[in-house]
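Residue-level structure breakdown
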Amino acid sequence: MTGTDERDLSSPHAPLLASSQVPSEHDREHETPASELEYSGGWFIWALTFSAGISGLLFGYDTGVISSTLVTVGSDLSNRTLTTLDKSLITSCTSLFALIASPFTGVLADKLGRRKVILGADALFALGAVVQAFTSQVWGMILGRSIVGLAVGSASAVTPLYISELAPSSARGRLVTILSLFITGGQVVAYIVGWLFSTTPGGWRWIVGIGAFPAFFQLAILVFLPETPRWLVQAGHDVQAKSVLTKIYQDCPGCEQVVNRLVRDISQEIEQEDSELGQPKSHGAKPQWIHDALQRGQQLLHGGNRRALIIAMMLQAVQQLCGFNSLMYFSATIFASLSFSSPTLTSLSVALTNFLFTLLAFVLIDRIGRRRILLYSIPVMVIALVLCAVSFSSMDGAWNSEAPTSNKPHDNHGSAVPLAILFCLTIYTAAYALGLGNVPWQQSELFPLNVRSLGSALATATNWGSNFVIGLTFLPLMEWISPSWTFILYAVVCVVGWFAVWNIYPEMSGLGLEEVKGLLADGWGVKESLRRSRNA
Ligand SMILES: O[C@H]1[C@H](O)[C@@H](O)[C@H](O)[C@@H](O)[C@H]1O
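How each quantity is defined
For every chain, the first residue of the written sequence is number 1, and numbering continues from 1 along that sequence. In keeping with the model being predicted, local features are shown solely for residues with a pLDDT of at least 70 and side-chain atom pairs are shown and tallied solely at 80 or more, while totals for entire chains, interfaces and linings include all residues. Neither water nor hydrogens contribute to the side-chain values; these are computed over all heavy atoms in the structure. Under the DSSP-based scheme used, a helix requires at least four consecutive residues in state H or I and a strand at least two consecutive residues in state E, with every element numbered from the N terminus. The buried label goes to any residue with under 20% of its type's maximum accessible area, the exposed label to any with over 50%, and the partly exposed label to all in between, with areas taken from a 1.4 Å probe on protein chains only. In what follows, a contact means two residues having at least one pair of non-hydrogen atoms within 4.5 Å. Accessibility throughout is a Shrake-Rupley quantity obtained with a 1.4 Å probe, and a residue counts as covered only by protein chains that appear here. Segment limits for the domains were obtained from an automatic or database-derived domain assignment. Two parts placed together each lose some accessible area; with a 1.4 Å probe, that loss summed over both constitutes the buried area. A carboxyl oxygen of Asp or Glu within 4 Å of a side-chain nitrogen of Lys or Arg is what we treat as a salt bridge. In the analysis that follows, any N or O atom pair within 3.5 Å is treated as a polar contact, provided that within protein one partner can donate a hydrogen and the other can accept it, and provided that, for residues neighboring in sequence, both atoms belong to side chains. Only the six-membered ring of Trp is used, alongside the rings of Phe and Tyr, when aromatic pairs are assigned; centres must lie within 6.5 Å, and planes under 30 degrees apart are stacked while those over 60 apart are edge-to-face, with the rest tilted. Two thresholds decide whether a charge sits over a ring: the Lys NZ or Arg CZ must be within 6 Å of the ring centre and within 35 degrees of the ring normal. Multiplying 1.5 Å by the residue count of a helix minus one yields the expected span of that helix. Patches in this entry comprise residues that are over 30% relatively accessible and not in a salt bridge; like charges within 9 Å are linked, as are nonpolar side chains (Val, Leu, Ile, Met, Phe, Trp, Tyr) within 5 Å. The angle between two axes is taken between their N-to-C directions and runs from 0 to 180 degrees, where each axis is a line fitted to C-alpha atoms and a helix contributes only its stretch in contact. Roughly parallel means an angle under 35 degrees; roughly antiparallel, over 145; roughly perpendicular, 65 to 115; everything else is oblique. Throughout, a crossing is termed right-handed when the near helix is turned clockwise from the far one, and left-handed when it is turned anticlockwise from it by less than a right angle. Amino acids outside the nonpolar list (Ala, Val, Leu, Ile, Met, Phe, Trp, Tyr, Cys, Pro) and the charged list (Asp, Glu, Lys, Arg) are all regarded as polar, and Gly is one of them. Neighbouring residues are identified by heavy atoms, a residue being near a molecule or strand if any of them is within 4 Å of it.

Describing the overall build of the protein
Across its full length, the protein carries 23 helices and 0 strands. Out of the 536 residues belonging to the protein, those deemed buried represent 58%. At a minimum sequence separation of 6, the contacts of the protein that also span at least 24 residues come to 81%. Total accessible area computed for the protein in this model is approximately 21,500 Å², and 66% of it derives from carbon and sulfur atoms.

Here we look at the domain arrangement of the protein
Partitioning the protein into structural domains gives domain 1 (43-228 + 297-535) and domain 2 (229-293). Domain 1 and domain 2 are separated by 31 Å when their C-alpha centres are compared. On the side of domain 2, 22 residues touch domain 1, which itself brings 27 residues to the contact. Together, the buried faces of domain 1 and domain 2 total about 2,100 Å²; carbon and sulfur atoms form 58% of this surface. It is Phe-44, Leu-449 and Glu-514 in domain 1 that bury the most area against domain 2; as a group they hold 30% of the surface buried on that side. Counting every contact that joins domain 1 to domain 2 gives 0 salt bridges. Linking domain 1 with domain 2 are 6 residue pairs in polar contact (both at pLDDT 80 or more), by the criterion used here. Contributing elements (two or more residues each) for the side of domain 1 that touches domain 2: α2 (43-64), α4 (84-112), α6 (138-166), α13 (288-300), α20 (449-480) and α22 (513-520). Here the side of domain 1 that touches domain 2 gets 5 residues from one element, more than from any other, and that element is α4.

Here's the deal with the packing of aromatic side chains
The way to describe two aromatic rings as a pair is by their centre distance and the angle between their planes. One pass over the structure, following the stated rule, counts 15 aromatic pairs. Centre to centre, the rings of Phe-392 and Phe-487 are 5.5 Å apart; their planes meet at 10 degrees, and the pair counts as stacked. Here Phe-392, found in helix α17 (residues 370-393), pairs with Phe-487, found in helix α21 (residues 482-504); they are 95 residues apart in sequence, far enough to count as distant. Judged by relative accessible area, Phe-392 falls into the buried class, the value being 5%. Through pairs of rings, three or more aromatic residues link up here, namely Tyr-329, Phe-330, Phe-392, Phe-474, Phe-487 and Tyr-490. Its end group placed over the ring of Trp-502, Arg-371 keeps NZ or CZ at 5.4 Å from the ring centre.

Re helix α14 (residues 303-321)
For α14, built from 19 residues, the straight-helix expectation of 27 Å at 1.5 Å per residue is met to within 8% by its first-to-last C-alpha distance of 27 Å. For α14, the buried fraction is high: 14 of the 19 residues fall into the buried class. Just beyond α14, the residue with positive phi is Gly-323, at close to 90 degrees.

Quick word on a nonpolar patch on the surface
On the surface, Ile-192, Trp-195, Leu-196 and Leu-345 cluster together into a nonpolar patch covering about 370 Å² of accessible area. With respect to the helices and strands, the residue Leu-196 is situated in helix α7 (residues 169-196). In this structure Leu-196 comes out as exposed when scored by relative accessible area, which is 54%.

Quick notes on the side chain of Asn-325
With respect to the helices and strands, the residue Asn-325 is situated in helix α15 (residues 324-337). If near-sequence neighbours (up to four positions away) are discounted, Asn-325 is found in contact with Gln-320, Asn-467 and Ile-470.

A few points about the packing of α15 against helix α16 (residues 343-368)
Helices that pack against each other are described as a pair by the angle of their axes relative to one another and the distance between those axes. Relative to each other, α15 and α16 sit at 155 degrees, their axes nearing to 7 Å. On the basis of their axis angle, the class for α15 and α16 is roughly antiparallel. For the pair α15 and α16, the crossing hand works out as right-handed. In this structure, α15 uses Phe-324, Leu-327, Met-328, Ser-331, Ala-332, Phe-335 and Ala-336 to contact α16, whose residues at the interface are Pro-343, Thr-346, Ser-347, Val-350, Ala-351 and Asn-354. In the contact of α15 with α16, the residues fall into 9 nonpolar, 4 polar and no charged.

Focus on unusual backbone geometry
Unusually for a residue other than glycine, Ser-339 sits at a positive phi of about 65 degrees. Relative to the assigned elements, Ser-339 resides in the loop between α15 and α16. A relative accessible area of 12% places Ser-339 in the buried class. At Ser-482, a position not held by glycine, the phi torsion is positive, near 85 degrees. According to the relative accessible area criterion, Ser-482 is partly exposed, its value standing at 25%.

What about the site of the ligand?
In the region of the ligand, the neighbouring residues are Thr-184, Gln-187, Gln-319, Gln-320, Phe-324, Asn-325, Asn-354, Tyr-432, Gly-437, Trp-441 and Asn-463. In the model, an oxygen atom of the ligand is placed 3.0 Å from a nitrogen or oxygen of the Gln-320 side chain. Interatomic distance of 2.5 Å between a backbone N/O atom of Gly-437 and an oxygen atom of the ligand. Computed on the free molecule, the ligand has an accessible area of 300 Å², of which 98% lies beneath the protein chains in the complex. Counting only elements with at least two residues in the shell around the ligand, the list comes to α7, α14 and α15. Residue composition of the shell around the ligand, by class: 3 nonpolar, 8 polar and no charged.

Observations concerning the packing of α15 against α20
Running from N to C, α15 and α20 point in directions that differ by 25 degrees, and their axes come no closer than 9 Å. With respect to α20, the element α15 is oriented roughly parallel. In the crossing of α15 with α20, the sense of the turn from one axis to the other is right-handed. Contact residues: α15 offers Asn-325, Ser-326, Tyr-329, Phe-330 and Ile-334, while α20 offers Asn-467, Ile-470, Gly-471, Phe-474 and Leu-475. Looking at the contact of α15 with α20, its residues break down into 6 nonpolar, 4 polar and no charged.

Here you go:
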């Protein structure tokens, strides 16, 4: 770092622009706020989003791949057929380690930068894939899946943060949705690869090992990707921040003004946060980064930050507790029980629907808005779940998740009920993909810069905690309270989620990241956000 092109780190929030560059009052009045620009970003930001989105592909691939792995592994591990306990541990250790990794990711992303955490996640993705592909023991598989869990946890926390901090506000929704497209696309690829290798002896080693390739690819290209301007300003690298922003806004009319305005907004936000805090430094006992992390934790629990955290955690909890991943992990089991001739192919239809409707969400999200898309789509999920429950209740025989294929508890050949269930689950998946599947990943936009990565990380931990609960409880619930009541339970979660969204989730579409703070400062900001979006 050279003294001439960087701010003095000892006063990290000193005025950002050299005095000759500081605009006059008159200039400021005529500057266009970045949030009011109809600018969807040039090739640079799209290239960055696609490169970062590979993390989403890995996340989707590694979570989607488990169902086919479990059914093709045979007795290759520890020379025995997998027990139910083996299967549960192999499946759930990934969510558990993702849950453990995500809060630490927040601290690391602040200390080292967003980009380095993505690099670290890639290394873990590759290592986890290699360990799984070469192991011949059950514990080796659990170890590999746990390493992948650490990778998934950190990638899922840091990548939306990275993309939303780079994105121009009018395209932010769409750019973050690209991540969901990569996740759901990764799941489709995992189902297809699983199906292709299902009859090859030892094919499961390929299924899990293939996950290493995108990780290596991303590792190679990430070297060329920049850090986010917001992190750079916070770390005192202002000139680099400006040059990244200049590339992002290069095709935008009045680019220089917009960039100046943005840099000043970010730096003012940091200054204000520091002055609210009084910037006490750590003395003695605790290292500075622990001190900073604790301080951020305290800040997160106050006022608007606490509201942002509640919204982000609520959305992530509803995304998982609505039960969607029970389909992702066990749809083949469900369809086998319903006597479909090719359960894996039938479950591929769920993954495909999820992907295609995420694509539709990508087109619609910035136009319709996050809040509205949720308020429209969740009721459709409720209706589909209730109809699914009614269909299940009209079937004979009790559910048996231990041996759904051999015992065929539901002998329904010739009945229309399995098709009705497939139809309801497809509608449920489509509505989920339009709203809940992707909106919660817009979480970073809710938080001001100083608590953004910690807040996003805690929301991501909520996602993985709830994912773990669903993965662990779905099959027992189907047996204990019946399929109908299980789906009714998910419908109740959706209803509760709908009311929570209605009451506390303001419309974020089109707001600049620096404006959101004001919205949540004195309340949930729902009315104010609706007023603004009507006027926009
Ligand atoms: O956004 C994603 C997506 O909807 C996936 O299909 C699902 O498996 C994940 O849990 C979720 O976080």
